[in-house]
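Here's the letter readout for the chains.
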Amino acid sequence: MRIIIDWCDWTGKTTLIKELKKILPKMKVIKFWPPKTEDPYSEWIEYYTPWNKKYIWDDVILDRCWISEVIYWKMFNRKPMTLDQQVDFIYETKDDLYIITYTNIDNIEEVFKKRWEDFINIWQASHINYYFKKFWKKLKENDINVVFYDFKKYENNVNLFVKKLLKWNMIH
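Residues numbered from 1 in each chain as written. Predicted model: local features only at pLDDT ≥ 70, side-chain atom pairs only at ≥ 80, totals over all residues. Heavy atoms only, no water.

Caption draft 1: View of the side chain of Asp-63. You can see Asp-63 is positioned in strand β3 (residues 60-63). In terms of polar contacts, Asp-63 uses its side chain to reach the side chain of Lys-31, at 3.2 Å. In this view, Asp-63 contacts Ile-5, Lys-13, Thr-14, Ile-17, Val-29, Ile-30, Lys-31 and Phe-32; residues no more than four positions away in its chain are not counted. (Helix = DSSP H or I, 4+ residues; strand = E, 2+ residues; numbered from the N terminus. Polar contact = N/O pair within 3.5 Å; in protein donor to acceptor, adjacent residues only side chain to side chain. Contact = heavy atoms within 4.5 Å.)

Here is the structure:
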C-alpha cells in the first residue's frame, strides 16, 4: 500500500503521519520536500519507474508528492511539470491512497504569526489552497482514491481520523 499525504503547509501532515505510523509501523516514510534540484519531476520519476532501484513498491507513506510541485513551482522559480508528466503521475499513482490535508486560510495565517514565517505570504497561501482544492476535485473526478483530512476538525484527535480510515477499509 502506498499512501500519499499532501496539501498546503501547516495542515497536519506530520501529525497525521505519526498517527499512521502507530497503526502501520512497517510503513516507511519518504519526505519529498523541498526538492533537491530545479527539476523535481526527475526526483519523483525515480520513485515511480519500476526499472529504477529507488522504485516504491509497497508499504510507504509519501510526505508530499508531485501535486505540490504542480502548485509550488512558480512560487519557488523551478521548472514546471508538463501536462504529460502530470498525466504520467496520475496514471502511476491511480491505485494509491491520497490523503489531502486541509485547514482554512485563517488557521494558516495564525500559524504564520506564531512561527514568524515569511517565506510565503498569506496571499500566496490562499492561492496555494485554491489550487490544491482544484486538484483534489480533479483527482476525485478521475476515480482516484482521495480522502479529505480537515486539520481543524481532527487536530486534537488525529487518532479518530485514522480509525475512520481503518473502518472504511482504506488502510490495512
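Back to the text.
Caption draft 2: Broad picture of helix α4 (residues 83-92). Restricting attention to buried positions, one finds in α4 the residues Gln-85, Gln-86 and Phe-89. All buried residues of α4 lie within an arc of 100 degrees about the axis, which places them on one face of the element. Residues of α4 that are exposed and angled more than 90 degrees away from the buried face: Leu-83, Asp-84 and Tyr-91. (Buried < 20%, exposed > 50% of the residue type's maximum accessible area, 1.4 Å probe, protein only. Arc of directions from axis to C-beta.)

Caption draft 3: Structural view of the pattern of salt bridges. One pass over the structure, following the stated rule, counts four salt bridges. With a shortest N-O distance of 3.6 Å, Arg-64 and Asp-6 are connected by a salt bridge. With Arg-64 in the loop between β3 and α3 (66-72) and Asp-6 in strand β1 (residues 2-6), this residue pair connects regions lying 58 residues apart in the sequence. When sorted by exposure, Arg-64 lands in the same class as Asp-6, which is buried. (Salt bridge = Lys/Arg side-chain N within 4 Å of Asp/Glu carboxyl O.)

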